[in-house]
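Now for the letters of each chain:
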Amino acid sequence: MKLIHVVGARPNFMKAAPVWSAISKIIDCNQILVHTGQHYDKLMSEVFFKELQIPTPDHNLNTGSDSHARQTAAIMIKFEALVNELTPNMVLVYGDVNSTVAVAMVCSKLMIPFAHVEAGLRSFDRKMPEEINRLITDQLADLLFTPSMDGDVNLKNEGIPESKIHCVGNVMIDTLVKLLPKADKPNRFKDLKQYVLVTLHRPSNVDDFESLKSILQNLETTSDSIPIIFPVHPRTKKIITANNLDIIKNINFHLIEPLGYIKFLGLMENATAVITDSGGIQEETTYLGIPCITVRENTERPITVTLGTNQLIGKDYYKIPDLINSTMNIKKRSNTIIPLWDGKASERIAEILSNII
Ligand code: UD1
């Protein structure tokens, strides 16, 4: 029995790690790890393999960055050749990145059964490249593992047979639960009691110069009242540097390199608030009870708004300073528990796979 896991971009790594580990405990099979190379910087990839204890990939397709069509096509061409050689019984894909959809299309044309972990999420916004990836991957998948019941509803509405859908919970939270005891702030921020943690990489916020400039200006205003720590994604860094937007006058505003999982979790766990446009961070802050301001018009994770700590502000960046000021006075964390976000989602996946296999 051969099972291939495919990962490619940063948010895939924390999803694949617990699934790999849960499968190795109860299924007697040969697990093979393929990295598409979509993310390749040490700080965007290698560091996570060490921290999350994921084995070194058996194969790296080294595809790297490019336009959507070229990146997706490059992954398809290289993965098709590899999978023809490896002849797996099943492939597992994660999340909603270009690597996910590329592998889904290859598997489905070669009639190799594949499972989608984190299926059913929908922002209903087709301007988001990830939404296209989600729609296609879920239509083609043989097995769909959803993180919450809203995912099941979306899939059923799109005509996916109920027999393929399994609500297992959130595998990203499995990793968080496991590594929370090791979470550790970077040394230089150890003494900060209150601060806001920021991440931004969505094209809608960072590729547009005026939007990015306005976000940075509002963050700089906010940093008059509370320190801002902003680990900068390479995509965002390129645009900031090219436009000289990194001339920050306030010493409370820290633009730093991307962080590994343990250090980022240490900062997130203790943050006064988080400002982000990431998907996974909306979930992690909800689990941790940290107020989250999401600079997006919509979210494919609505449960983080209805039950969690998340609030969408779209492009109303001017709201950031006031919203942060009001969260600074919140003394107690909210501790909503989302059903099945309990650290055991991967065990449920392994259980289902072992029954099927
Ligand atoms: C990708 C995912 C996004 C996910 C994000 C997490 C798609 C369509 N998007 O976006 O859903 O939230 O990963 O980070 O798959 N770059 C580097 N080094 C790297 C990787 C990227 O410098 O290791 C730079 C390159 O300039 C590249 C740009 O970042 O062109 C964008 O990378 P890409 O993988 O295309 O998309 P992300 O913005 O990272």
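For every chain, the first residue of the written sequence is number 1, and numbering continues from 1 onward in sequence order. Where totals are concerned, whole chains, interfaces and linings use all residues; where local detail is concerned, this predicted model gives features only for residues with pLDDT of at least 70, and gives and counts side-chain atom pairs only at 80 or more. Calculated side-chain values reflect all of the structure's heavy atoms, with hydrogen atoms and water omitted.

Only DSSP runs of H or I with at least four residues qualify as helices, and only runs of E with at least two residues qualify as strands; both kinds are numbered from the N terminus onward. Looking only at helices and strands, the protein features 15 helices and 13 strands. Relative to the globule expectation of 21 Å for 357 residues, the C-alpha radius of gyration of the protein, 20 Å, shows essentially globular dimensions. For the protein, the spread of C-alpha atoms along the principal axes amounts to about 60 × 40 × 40 Å. Here's how the labels work: a residue is buried when its accessible area is under 20% of the maximum for its type, exposed when over 50%, partly exposed in between, all with a 1.4 Å probe on protein chains only. For the protein, the residues scored as buried account for 57% of the 357 residues in total. Long-range contacts, defined here as pairs at least 24 residues apart, represent 69% of the contacts in the protein between residues at least 6 apart. Of the roughly 15,200 Å² of accessible surface on the protein, 53% is carried by carbon and sulfur atoms. Computation of the radius of gyration draws on C-alpha atoms alone. For the globule rule, the value is 2.2 Å times the number of residues to the power 0.38. Note on contacts: a residue pair is in contact if any heavy atoms of the two residues lie within 4.5 Å. We get accessible surface area from the Shrake-Rupley algorithm with a probe of 1.4 Å; when it comes to residues, only the shown protein chains can shield them.

This next bit is on helix H9 (residues 209-222). Multiplying 1.5 Å by the helix residue count minus one yields the expected span of that helix. With 14 residues, H9 extends 20 Å between its outermost C-alpha atoms, agreeing within 8% with the 20 Å of an ideal straight helix rising 1.5 Å per residue. Among the residues of H9, Ser211, Leu212, Ile215, Leu216, Asn218, Leu219 and Thr222 are the ones counted as buried. Projected onto a plane normal to the axis of H9, the buried residues spread over an arc of 165° and lie on a single side. Note that the arc is defined by the directions from the helix axis to the C-beta atoms.

Take the side chain of arginine 301 next. By the secondary structure assignment, arginine 301 is in the loop between strand S12 (292-294) and helix H13 (303-306). By relative accessible area, arginine 301 is classed as buried at 4%. Only 2.6 Å separates the side chain of arginine 301 from the side chain of glutamate 300, close enough to count as a polar contact. Arginine 301 has contacts with Lys15, Glu118, Leu121, Gly279, Gly280, Gln282 and Glu283, leaving out every residue within four places of it along the chain. Under the rule applied, a polar contact is a pair of N or O atoms within 3.5 Å (in protein, one hydrogen donor and one hydrogen acceptor; residues adjacent in sequence only if both atoms are side-chain atoms).

The local shell around the ligand holds 19 residues, among which His39, Tyr40, Glu130, His201 and Lys238 are the closest. Glutamine 38 places a side-chain nitrogen or oxygen 2.8 Å from an oxygen atom of the ligand. Take aspartate 41: an N or O atom from its main chain is 2.9 Å from an oxygen atom of the ligand. When the ligand sits alone it has 740 Å² of accessible area, and the protein chains cover 89% of it. Mapped onto the shell around the ligand, the elements with two or more residues apiece are helix H3 (68-86) and helix H10 (234-242). Nearness here has a simple test: a residue counts as near a molecule or strand if at least one of its heavy atoms is within 4 Å of that partner.

Here the focus is the nonpolar core. We define the nonpolar core as a collection of buried residues of types Ala, Val, Leu, Ile, Met, Phe, Trp, Tyr and Cys that are connected through side-chain atoms lying within 4.5 Å of one another. The biggest cluster of nonpolar side chains holds 57 residues, and the ones touching the most others in it are Ile23, Leu52, Leu92, Phe145 and Leu353. Leaving out residues up to four positions away in the same chain, leucine 353 has contacts with Ile23, Ile27, Met90, Leu92, Leu143 and Phe145. With 26 residues, the next largest nonpolar core counts Val196, Leu219, Phe230 and Ile275 among its residues.

Turning our eyes to something else, we now look at the environment of threonine 276. Relative to the helices and strands, threonine 276 resides in strand S11 (residues 273-276). Residue classification places threonine 276 among the buried residues on the basis of a relative accessible area of 0%. Distance from threonine 276 to lysine 164, taken between C-alpha atoms, is 33 Å for residues 112 residues apart in sequence. Once you skip the residues sitting within four places of it in the chain, threonine 276 turns out to touch Thr199, Ile281, Gln282, Cys292, Ile293, Thr294 and Val295. At a separation of 2.6 Å, a polar atom in the side chain of threonine 276 contacts the side chain of threonine 199.

All right, on to the environment of glycine 120 then. Residue position: glycine 120 is located in the loop between strand S5 (114-117) and helix H5 (129-140). By relative accessible area, which is 0% here, glycine 120 ends up buried. When the C-alpha atoms of glycine 120 and glutamate 158 are compared, they prove to be 9.6 Å apart, with 38 residues separating the residues in sequence. When neighbours within four sequence positions are excluded, glycine 120 is seen to be in contact with Asp138, Asp150, Gly151, Asn154 and Leu155.

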